[in-house]
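Reading the structure
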2 protein chains.
Amino acid sequence: MARAVLAGDVRAAARLMRDAEDDVAGAREALRVLYAHTGRARLLGVTGAPGVGKSTLVDRLVERLRAAGRTVGVVAVDPSSPFTGGAILGDRVRMQRHSGDRGVYIRSMATRGALGGLARATMDVVRVLDAMGFDDVLVETVGVGQDEVDVSRIADAVLVVLVPGLGDEVQSLKAGILEIADVFVVNKSDREGADRVVQELNGAMSLGSGARADRPSFVPAIVKTVASRGEGVDALVGAVDAFLAAGEGWAAGAARRRAQAEVQAVVEAEVRAQVAARLADGQVLDDLVARRRDPWTVAAEILAEARARA
Amino acid sequence: MARAVLAGDVRAAARLMRDAEDDVAGAREALRVLYAHTGRARLLGVTGAPGVGKSTLVDRLVERLRAAGRTVGVVAVDPSSPFTGGAILGDRVRMQRHSGDRGVYIRSMATRGALGGLARATMDVVRVLDAMGFDDVLVETVGVGQDEVDVSRIADAVLVVLVPGLGDEVQSLKAGILEIADVFVVNKSDREGADRVVQELNGAMSLGSGARADRPSFVPAIVKTVASRGEGVDALVGAVDAFLAAGEGWAAGAARRRAQAEVQAVVEAEVRAQVAARLADGQVLDDLVARRRDPWTVAAEILAEARARA
């Protein structure tokens, strides 16, 4: 299967991505083989709150990158269905715009709450696209929180998308958002208040609230866009190129952060499966609910079993 | 320390929560002792996208629950600062409204990206509040994604807060939101479009898109509120009471889900620490970046070491 993926077999790739998401036996071995062929794509994270227009922006980015002769994979991490794991139709709708273009591949992922974990599954899909030879892989995530932090760990550049008029509470998000942003995008910038968003970002950054230990003096670019009309997208691509070109140190850091995140995701997926297996018979859960045992003791037992499987 | 917490020593409790968040040695032993004294509080999750007014709503809920003679702990999981782990001032501002009332305790948590993990730290803080004897513990989370799923795993009841006018993209979130909601809150319902939100929720639910395997025929209540004026909050408290009263089967299920989530959080925190320790010297990361080794092999080695520490 790995050989078919490397040979450019799109069906084999789609199947491997599905198997990887479902953590099917065999997928891991193929991913292991592919790993030596990864690390060449540029991984760009696009993140922001619901309603800021990320999907439209990603569509426009795909357009521009294609026009520049680059091939593009898109992984849309969508928050639907944490329990059933069902995907959403956005995929198919968006595929149509680029259908027939073999230089574009779009894949939506459902949020997997339980086994395996979204971070692991997303990384697997990104790896497959990377191994397939796509020049750029865009990873689009919704929401604010752990997902965004995870994206920032696997991406070479993180684009944080904001819009005017999302209210005061969004301001309180900035502390977190500032720290993961490599480039800010103020989308829907034809709306009232766009300049105020830019101002506030500049203000927050001048207060140093976006400073990260690994880059205390870095100041992210701020690009205004109207994605629905394609405005500002060239400037955005330019800002991303400039960031990646200037930031060779960061890019190297990104590769290491990604490697660490990859190991962590694999380990966590493994122990999640072990936790589920250990608790499957119900007796342990009953003991916990009745306070006859405690989570730390049970956790220690599971970790002790980990060696046998590893 | 555990004894002081059980005796109602608020300072000891605050210190234990801080130690637990930072995963300080000794905190775990205290939590282990406290565990036998937990499981009595009602755990209510309050979740929704940024800007829907969760904080105001939680404030009003605290007011009403206090008026009914119940003591209340609040854990506000805020998305600030995934990297530095700094907290936000919201805490102190909100504390003032209830300052002097020993029946209320509010604690904000920063999103911890790295060691330990937010889920584990949140559970620890909830456990301390539970052991302190608070009747209700409200856990407020921002964003949509893994955090929300985690809340739904530890809560006896999950309140999902929506508002009119958040745009089309929010609709696409509903698939996920429907499944974790025990009660829907349409806040800011004096705004145009509130009835449409209610309609859309009803429509989506009648299509069965909120059905969970463990409760196929359950239909969450929908309560309209204007939290800023306190409107609808009594009805909301009533809906939560009704849900918990009617759902004894679910409540038992919640305790088991929580136990499983607790074990998982402890195990994950443990292996995260091990991953960090194993990768600290940099050589392994260099090997991964250069593709001399792969994440699965490294993960297997870490799991093999897990036994020694467990």
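Because the structure is a prediction, the values reported are computed rather than measured. (Residues numbered from 1 in each chain as written. Chains lettered and ligands numbered in written order. Predicted model: local features only at pLDDT ≥ 70, side-chain atom pairs only at ≥ 80, totals over all residues. Heavy atoms only, no water.)

Thoughts on the overall build of chain A
- Check the secondary structure of chain A and you find 14 helices and seven strands.
- Of all 310 residues assigned to chain A, the portion counted as buried reaches 58%.
- Only carbon and sulfur atoms are counted for the fraction: they give 51% of the accessible area of chain A, which is about 12,000 Å². (Helix = DSSP H or I, 4+ residues; strand = E, 2+ residues; numbered from the N terminus. Buried < 20%, exposed > 50% of the residue type's maximum accessible area, 1.4 Å probe, protein only. Areas by Shrake-Rupley, 256 points an atom, 1.4 Å probe, with all protein chains shown as cover.)

Comments concerning the confidence of the model for chain A
Residue and element names in this part refer to chain A.
- Of the residues in chain A, 76% have a pLDDT of 70 or more, and the chain-wide mean is 80.
- Every residue in residues 112-116 is under pLDDT 50, and counting partners more than four places away or in other chains gives 19 contacts.
- Here the predicted complex scores 0.71 on pTM and 0.78 on ipTM. (pLDDT = per-residue confidence, 0-100. Contact = heavy atoms within 4.5 Å.)

Remarks on helix 10 (residues 194-206) of chain A
Residue and element names in this part refer to chain A.
- Under the 1.5 Å per step criterion, the end-to-end length of helix 10 is 18 Å for 13 residues, consistent within 8% with the ideal 18 Å.
- Buried residues of helix 10: Ala194, Val197, Val198, Leu201, Ala204 and Met205, and no others. All buried residues of helix 10 fall inside an arc of 130 degrees around its axis, so they share one side. In helix 10, the exposed positions angled more than 90 degrees off the buried face are occupied by Asp195, Arg196, Gln199 and Ser206. (Expected span 1.5 Å × (residues − 1). Arc of directions from axis to C-beta.)

With respect to the packing of helix 4 (residues 54-67) of chain A against helix 11 (residues 233-246) of chain A
All names here are of chain A.
- Between helix 4 and helix 11, the shortest axis-to-axis distance is 10 Å and the interhelical angle comes to 75 degrees. In terms of their interaxial angle, helix 4 and helix 11 are classed as roughly perpendicular. Touching Leu57, Arg60, Leu61, Arg64 and Leu65 of helix 4 are Val233, Asp234, Leu236 and Val237, all from helix 11.
- For the contact of helix 4 with helix 11, the class distribution of residues is six nonpolar, no polar and three charged. (Axes fitted to C-alpha atoms, helices over the stretch in contact; angles between N-to-C directions. Parallel < 35°, antiparallel > 145°, perpendicular 65-115°, else oblique. Nonpolar A, V, L, I, M, F, W, Y, C, P; charged D, E, K, R; others polar.)

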